[in-house]
Amino acid sequence: MELVIVAAVLIVGWLLYKKVGPGKNVKTITSEEAKSKFKEPNVQFIDVRTKGEYKGQKVKQFKNMPLHELGKRANELDPTKEVVVLCQSGMRSAKACSELKRQGFTNVSNVRGGLNMWR
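Being a predicted model, the structure only gives us computed values, none of them experimental.

**Student:** Would you mind going over the environment of Leu-70 with me for this structure?
**Tutor:** Relative to the helices and strands, Leu-70 resides in helix H4 (residues 67-73). Placed 29 residues apart in sequence, Leu-70 and Glu-99 show a C-alpha to C-alpha distance of 8.1 Å.

Put into structure tokens, the structure is as follows:
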């Protein structure tokens, strides 16, 4: 009986993680949609790749804020403004969006496919 309860708790936990895990409930936009926001004053753009990746190829409107620094540096962003997040493929930026939402940011968008899909 105890084994059944433990198994049920593990299954429910796993299902909840899959529902709200990294990248879940985050708005995704295309590179074209991101570019259309460049002239909007209430949008912040961050690139969560490493400093080296950013130096090698960057989109000038995006400020580099590596994913591993985001927890400490999120206070550099205005939580009342939209945040558009970019990385190389869209995976790290999805994690960054989830972290920002966890910190109270409500309007966060992930650029689908990252720089790999940038046109």
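After that view, the rundown keeps rolling.
**Student:** Help me understand the pattern of salt bridges, please; the structure alone is not making it clear to me.
**Tutor:** A side chain of one charge can pair with a side chain of the opposite charge when the charged atoms of the two come close. According to the stated counting rule, one finds 9 salt bridges in the structure shown. Across the salt bridge formed by Glu-82 and Lys-37, the nearest N and O atoms sit 3.3 Å from each other. Here Glu-82, found in strand S4 (residues 82-86), pairs with Lys-37, found in the loop between helix H2 (31-36) and strand S2 (43-47); they are 45 residues apart in sequence, far enough to count as distant. Here Glu-82 matches Lys-37 in class, with each residue buried. Across the pair Lys-63 and Glu-76 runs a salt bridge, and its minimum N-O distance is 2.9 Å. Of the two residues, Lys-63 sits in strand S3 (residues 63-64) while Glu-76 sits in the loop between H4 and S4, which places them 13 residues apart along the sequence. The partly exposed category is assigned to Glu-76, whose relative accessible area is 39%. Each of Lys-51, Lys-63, Glu-69, Arg-73 and Glu-76 takes part in one network of salt bridges that share partners.

**Student:** Explanation requested: the sheet that holds strand S5 (residues 108-111) in the structure shown.
**Tutor:** For sheets, the rule is that strands pair by backbone hydrogen bonds, running either parallel or antiparallel. Pairing within the open sheet is parallel, and its 5 strands lie in the order S1-S5-S4-S2-S3. Each edge of the open sheet is held by one strand with a lone partner, namely strand S1 (27-29) and S3. Note that S2 and S3 share 2 bridges and pair parallel. Its bridge partner lying in S3, Asp-47 is registered against Asn-64. Set on the sheet, helix H5 (residues 91-102) makes contact with S2, S4 and S5; between it and S5 the angle comes to about 175°.

**Student:** What's the story with the nonpolar core in this structure? I'm lost.
**Tutor:** Soluble globular proteins: nonpolar side chains tend toward being buried together. Residues Ile-46, Leu-77, Val-83, Val-85, Leu-100 and Phe-105 are the most contacted members of the largest nonpolar core, which totals 15 residues. Within the residue set of this core, elements represented by two or more residues are S4 and H5. A per-element tally of this core places H5 first, with 3 residues. Non-local contacts of Leu-77, meaning those with residues more than four positions away in its chain, are made with Gln-44, Ile-46, Met-65, Val-83, Leu-100 and Phe-105. If you look at the next biggest cluster of nonpolar residues, it comprises 10 residues, including Val-59, Val-84, Leu-86 and Leu-115.

Cut-offs and rules
- Residues numbered from 1 in each chain as written.
- Predicted model: local features only at pLDDT ≥ 70, side-chain atom pairs only at ≥ 80, totals over all residues.
- Heavy atoms only, no water.
- Helix = DSSP H or I, 4+ residues; strand = E, 2+ residues; numbered from the N terminus.
- Salt bridge = Lys/Arg side-chain N within 4 Å of Asp/Glu carboxyl O.
- Buried < 20%, exposed > 50% of the residue type's maximum accessible area, 1.4 Å probe, protein only.
- Pairing = 2+ DSSP bridges.
- Contact = heavy atoms within 4.5 Å.
- Axes fitted to C-alpha atoms, helices over the stretch in contact; angles between N-to-C directions.
- Core = buried A, V, L, I, M, F, W, Y, C linked by side-chain atoms within 4.5 Å.

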